[in-house]
Amino acid sequence: MNTTIYKFGFWSGLIAFGATTAFVIVQLLQIVRAFRFPFDEIFIYGTSLCIVIPFVLEMLAFHYTTPTEKKYWSHAALVFTILYAVFVTSRTNLSRCSMDDNLTSHYDKCGRIIQKKQY
């Protein structure tokens, strides 16, 4: 069998693991307030989004290397992975958009001037 898919899945999994590890580290640093605004949000959302694509590609490689009699289950895993990817991507974007208004009102209370964009 062609080992290209195995290597691709391995490296995708390694990248997803590295992004997950970075996410955990950033989350812990965010708890101890090691980063200031806006870098705390940039790092946490950035690492969260870096997990998604390598994980989907890893699961795709897993599906293609699964024996035929177990393809149903690997296909189900791939479907749930795609649902996860859509959820994480949309959640991150929605959280970021809704947080802008909360941060703007917070900074207004602190006496800083922040202009809201008019659409």
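Concerning a nonpolar patch on the surface
Residues V24, I25, L28, L29, I31 and V32 make up a contiguous nonpolar surface patch of roughly 550 Å² in combined accessible area. Position of I31 among the secondary structure elements: in helix 1 (residues 4–31).

Looking at the side chain of S12
Here S12 is to be found in helix 1. Overall, the relative accessible area of 6% leaves S12 in the buried class. Discounting chain neighbours no more than four positions away, the residues touching S12 are P54, L57 and E58.

Remarks on the packing of aromatic side chains
For the structure shown, the criterion picks out five aromatic pairs. Relative to Y84, the ring of F55 lies with its centre 5.7 Å away and its plane at 90°, an arrangement referred to as edge-to-face. With F55 in helix 2 (residues 39–65) and Y84 in helix 3 (residues 71–109), this residue pair connects regions lying 29 residues apart in the sequence. Three or more aromatic residues joined by ring pairs form one cluster here, namely F35, F39 and F43.

Examining the confidence of the model for the protein chain
Detailed conclusions should not be drawn from predicted coordinates in areas where pLDDT is low. Confidence in the prediction of the protein chain, expressed as mean pLDDT, is 83, and 76% of residues score 70 or more. This model gives residues 105–111 a pLDDT under 50, and the stretch forms four contacts once residues within four places in sequence are excluded.

Details of the nonpolar core
Nonpolar side chains in soluble globular proteins generally cluster together in the buried interior. Among the nonpolar cores identified, the biggest contains six residues, and these are A19, F23, V26, I44, Y45 and I51. Of all the secondary-structure elements, those providing two or more residues to this core are helix 1 and helix 2. For A19, the contacting residues outside a window of four places in its chain are T47, C50 and I51.

Some words on the packing of helix 1 against helix 2
Packed helices, taken two at a time, are described by their axes: the angle between them and the distance between them. The contact between helix 1 and helix 2 brings their axes to 7 Å, and the two run at 155°. If you check the angle between helix 1 and helix 2, you find them roughly antiparallel. Read as a crossing pair, helix 1 and helix 2 show a hand that is left-handed. Of the residues that constitute the contact of helix 1 with helix 2, the class distribution is 18 nonpolar, nine polar and three charged.

Some points on the environment of A76
If you trace the backbone, A76 turns up in helix 3. Along the backbone, A76 and H63 are 13 residues apart, and their C-alpha atoms lie at a distance of 9.3 Å.

What counts and how
- Residues numbered from 1 in each chain as written.
- Predicted model: local features only at pLDDT ≥ 70, side-chain atom pairs only at ≥ 80, totals over all residues.
- Heavy atoms only, no water.
- Patch = residues over 30% accessible without salt bridge, like charges linked within 9 Å, V, L, I, M, F, W, Y side chains within 5 Å.
- Areas by Shrake-Rupley, 256 points an atom, 1.4 Å probe, with all protein chains shown as cover.
- Salt bridge = Lys/Arg side-chain N within 4 Å of Asp/Glu carboxyl O.
- Helix = DSSP H or I, 4+ residues; strand = E, 2+ residues; numbered from the N terminus.
- Buried < 20%, exposed > 50% of the residue type's maximum accessible area, 1.4 Å probe, protein only.
- Contact = heavy atoms within 4.5 Å.
- Phe/Tyr/Trp six-rings, centres within 6.5 Å; stacked < 30°, edge-to-face > 60°.
- pLDDT = per-residue confidence, 0-100.
- Core = buried A, V, L, I, M, F, W, Y, C linked by side-chain atoms within 4.5 Å.
- Axes fitted to C-alpha atoms, helices over the stretch in contact; angles between N-to-C directions.
- Parallel < 35°, antiparallel > 145°, perpendicular 65-115°, else oblique.
- Left-handed = near helix turned anticlockwise from the far one by under 90°.
- Nonpolar A, V, L, I, M, F, W, Y, C, P; charged D, E, K, R; others polar.

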